[in-house]
Number of protein chains: 2
Amino acid sequence: MDWTLFFIFLAACGGAAATGVMFSPGQWYDALEKPAWTPPNWVFPVTWTVLYLFIANAGARIASEPANAYAMGFFAVQIAFNTLWTPVFFGLHKMKAALVVIAILWVAVFATTVSFWDLDFIAGILFVPYLIWVSIAAALNFEVWRLNRRGPITT
Amino acid sequence: MDWTLFFIFLAACGGAAATGVMFSPGQWYDALEKPAWTPPNWVFPVTWTVLYLFIANAGARIASEPANAYAMGFFAVQIAFNTLWTPVFFGLHKMKAALVVIAILWVAVFATTVSFWDLDFIAGILFVPYLIWVSIAAALNFEVWRLNRRGPITT
């Protein structure tokens, strides 16, 4: 593992992670109707911290591989849409637009996972928890939208 | 040029570009004190459209190069911080935090430009207008913060 490379990829994750700090849940989210299986708020930053360490590690591994063109392209897409989701959901409170963003994010994470797996087994494995978590987050985004689209809270 | 690869990198730029559509200037920005050299609002989306085409083109060129590890790492950092800046400035109206974000973005774009240049002359050239534009945007962010930090508009 090239640690300089790891920290460069971690910096990219830091851009995405900063949205979670700056656009935090707050009153609006707390007041929304949520499904029974919604994880408690503290679970999200803990999970994302672990996931970002995995993502940076996997990115650094694949960056060093030859023939990584598509894998690095998909990586760029997922980090951009990961950074985009939080401001759209928690900043703008646009649950439907956030659903579109997270759908694109899911496809990008899936494509990154598959292309990483092809190049390096460990990098592929490191992306699997991320794919699972984005699946859960997408389901939560969908349910929150469904339960609140006619609710009194529209902003 | 591998066009599939170009469109994957363009999708990553699309994540960053979406912030410009969703977090638009509006009344808050219009009411701020701005330096005399501030470009008119219409210049920004036009410039960014051209820049994103250049960025995607350069990214696709470098992704196909061998030994692109650092270059692709820096690319990931710049696309994440590019996506982050608009929600922080236009969404949260946090001019000082946005200044920190754009400073990191500038370093990331500079590092990407240098590392791209080393691998492929054309890819390096394609990043130069982006570096110039982020320099202008950073100067504007600084000036807007300086001129308005004691102003009546604080949110």
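What counts and what doesn't
Residues numbered from 1 in each chain as written. Chains lettered and ligands numbered in written order. Predicted model: local features only at pLDDT ≥ 70, side-chain atom pairs only at ≥ 80, totals over all residues. Heavy atoms only, no water. pLDDT = per-residue confidence, 0-100. Axes fitted to C-alpha atoms, helices over the stretch in contact; angles between N-to-C directions. Helix = DSSP H or I, 4+ residues; strand = E, 2+ residues; numbered from the N terminus. Parallel < 35°, antiparallel > 145°, perpendicular 65-115°, else oblique. Contact = heavy atoms within 4.5 Å. Nonpolar A, V, L, I, M, F, W, Y, C, P; charged D, E, K, R; others polar. Salt bridge = Lys/Arg side-chain N within 4 Å of Asp/Glu carboxyl O. Least-squares fit on C-alpha atoms with pLDDT ≥ 70 in both. Disulfide = S-S within 2.5 Å. Buried < 20%, exposed > 50% of the residue type's maximum accessible area, 1.4 Å probe, protein only. Phe/Tyr/Trp six-rings, centres within 6.5 Å; stacked < 30°, edge-to-face > 60°. Lys NZ or Arg CZ within 6 Å of the ring centre and 35° of its normal. Buried area = accessible area lost by both parts, 1.4 Å probe. Patch = residues over 30% accessible without salt bridge, like charges linked within 9 Å, V, L, I, M, F, W, Y side chains within 5 Å. Areas by Shrake-Rupley, 256 points an atom, 1.4 Å probe, with all protein chains shown as cover.

(A) Structural context of the confidence of the model for chain A. Residues with a pLDDT of 70 or more make up 97% of chain A, whose mean pLDDT is 95. Two summary scores accompany this predicted model of the complex, namely pTM at 0.96 and ipTM at 0.95.

(B) Region of the structure containing the packing of helix H1 (residues 3-22) of chain B against helix H4 (residues 69-91) of chain B. All names here are of chain B. Direction vectors running N to C along H1 and H4 enclose 20 degrees, while the axes themselves pass 7 Å from each other. Classified by the angle their axes make, H1 and H4 are roughly parallel. Each of Phe9, Ala12, Cys13, Gly15, Ala16, Thr19 and Gly20 in H1 lies in contact with H4, whose residues at this interface are Met72, Phe75, Ile79, Asn82, Thr83, Thr86 and Pro87. Across the contact of H1 with H4, the residue classes break down as eight nonpolar, six polar and no charged.

(C) How the structure looks around the pattern of salt bridges. Residues and elements named next belong to chain A. Counting across every chain of the model gives four salt bridges over all chains. Salt-bridge contacts for arginine 61 lead to aspartate 120; the nearest nitrogen and oxygen are separated by 2.6 Å. Residue arginine 61 is located in helix H3 (residues 43-63), and its partner aspartate 120 is located in the loop between helix H5 (95-119) and helix H6 (121-148); the two are separated by 59 residues in the primary sequence. Residue arginine 146 pairs with glutamate 143 through a salt bridge whose shortest N-O separation is 2.9 Å.

(D) Layout of the relation of the copies chain A and chain B. Laying chain A over chain B is done by rotating through 180 degrees and shifting 0.0 Å along the axis; what remains is an RMSD of 0.0 Å. Taken together, the turn and the small shift mark the pair as related by a two-fold rotation axis.

(E) Region of interest: the state of the cysteines. As enumerated under the stated definition, the model contains zero disulfides over all chains in all. Counting only cysteine sulfurs, cysteine 13 of chain B is the nearest neighbor of cysteine 13 of chain A, a cysteine outside any disulfide, at a range of 18 Å. For cysteine 13 of chain B, a relative accessible area of 1% corresponds to the buried category.

(F) Inspection of the packing of aromatic side chains at higher detail. Tallied over the entire structure, the rule returns 44 aromatic pairs over all chains. Their ring planes at 10 degrees and their centres at 5.3 Å tell us that tryptophan 106 of chain A and phenylalanine 110 of chain A sit as a pair that is stacked. Residue tryptophan 106 of chain A and its partner phenylalanine 110 of chain A are both found in helix H5; the two are separated by four residues, about one turn of the helix. What makes phenylalanine 110 of chain A partly exposed here is its relative accessible area of 40%. A cation sits over an aromatic face here: lysine 34 of chain B above tyrosine 29 of chain B, 4.3 Å from the ring centre. Just above the ring of tryptophan 145 of chain B sits the side chain of arginine 149 of chain B; from NZ or CZ to the centre is 5.0 Å.

(G) Structural context of the side chain of asparagine 141 of chain A. Of note, asparagine 141 of chain A is situated in helix H6. Setting aside residues up to four positions removed in sequence, asparagine 141 of chain A forms contacts with Trp85, Phe89, Met95, Ala98, Leu99 and Ile102 of chain A.

(H) Highlighting the interface of chain A and chain B. With 34 residues of chain A at the interface, the matching set in chain B holds 34 residues. When chain A packs against chain B, close to 2600 Å² is buried across both sides, 82% of that on carbon and sulfur atoms. It is Ile8, Met22 and Tyr70 of chain A in chain A that bury the most area against chain B; as a group they hold 22% of the surface buried on that side. Applying the counting rule to chain A against chain B returns zero salt bridges.

(I) Highlighting a nonpolar patch on the surface. Residue and element names in this part refer to chain B. Residues Trp37, Trp117, Phe121, Ile122, Ile125, Val128, Ile132 and Ile136 make up a contiguous nonpolar surface patch of about 730 Å² in total accessible area. Of all the elements, helix H6 (residues 121-148) adds the most residues to the nonpolar patch, at six residues. Take valine 128: it is sitting in helix H6. Valine 128 gets classed as partly exposed once you look at its relative accessible area, which sits at 30%.

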